[in-house]
Amino acid sequence: QYTYPDQDPYTGETRRTLYPPIEPYRTGSLKVDDVHELYYEESGNPNGKPVVFLHGGPGGGSKPKCRRFFDPVRYRIVVFDQRGAGQSTPHASLENNTTW
């Protein structure tokens with residue numbers, strides 16, 4: 001497995017690292033139409049500045065690593081899965097799930 005050097009080879013700047021792993025303090029689902037419910041989770045500081053993270057897609061879901069991109073002391077981190085992806089239900093459903 002390749003590991004990146006601590007310093008950028010071109011600028012010499014020290015690379016940033018991820019914040020330590022944390023667990024969500026709240027998880028749930030949000031009904032968005034007659035078919036779909038989106039999975040969401042909140043972690044970090046409940047009184048912090050809200051930040052919303054949407055994972056890449058389509059088809060993938062959020063991962064615990066997504067919580068580590070933000071300072072959990074400063075931010076209320078809200079991560080959710082797109083329709084039909086990750087822990088959202090129904091899984092892989094294309095009904096009412098287009099970009100048109």
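Reading the values: the criteria
Residues numbered from 1 in each chain as written. Predicted model: local features only at pLDDT ≥ 70, side-chain atom pairs only at ≥ 80, totals over all residues. Heavy atoms only, no water. Pairing = 2+ DSSP bridges. Helix = DSSP H or I, 4+ residues; strand = E, 2+ residues; numbered from the N terminus. Axes fitted to C-alpha atoms, helices over the stretch in contact; angles between N-to-C directions. Salt bridge = Lys/Arg side-chain N within 4 Å of Asp/Glu carboxyl O. Buried < 20%, exposed > 50% of the residue type's maximum accessible area, 1.4 Å probe, protein only.

S.K.: Kindly report on the sheet that holds strand β3 (residues 49–54), identifying the contributing residues and their values.
M.R.: Sheet architecture is open: four strands sit in the order β1-β2-β4-β3, paired in mixed fashion. Single-partner strands in this sheet number two, and they are β1 (26–31) and β3. Across the sheet, the mean angle separating the axes of adjacent strands is 25 degrees when strand polarity is ignored. With six bridges connecting them, β3 and strand β4 (residues 75–80) associate as parallel partners. Looking at β4, one finds that L54 is bridged to F80.

S.K.: So what about the pairing of β4? Which residues, and what values?
M.R.: As paired elements, strand β2 (residues 37–44) and β4 share five bridges and run antiparallel to each other. Opposite Y40, over in β4, you have F80 as the bridge partner.

S.K.: Tell me what's going on with the pattern of salt bridges, and back it up with residues and numbers.
M.R.: All chains considered together, the criterion is met by four salt bridges. R67 serves as the salt-bridge partner of E41, at 2.6 Å between the closest nitrogen and oxygen. Note that E41 is positioned in strand β2 and R67 in the loop between β3 and β4, a separation of 26 residues in sequence. The same class applies to E41 and to R67, which are both buried. Where E42 meets R76, a salt bridge forms, and the shortest distance between an N and an O atom there is 2.7 Å. Here the residue E42 occupies a position in strand β2, and R76 occupies one in strand β4, the gap between them amounting to 34 residues. Several salt bridges share partner residues, and in doing so they unite R26, E42 and R76 into one network.

S.K.: Summarise the pairing of β1; cite the residues concerned and give the values.
M.R.: Alignment of β1 against β2, held across six bridges, turns out to be antiparallel. Looking at the pairing, R26 lines up with E42 of β2. Counting the residues that bridge the hairpin from β1 to β2 gives five residues.

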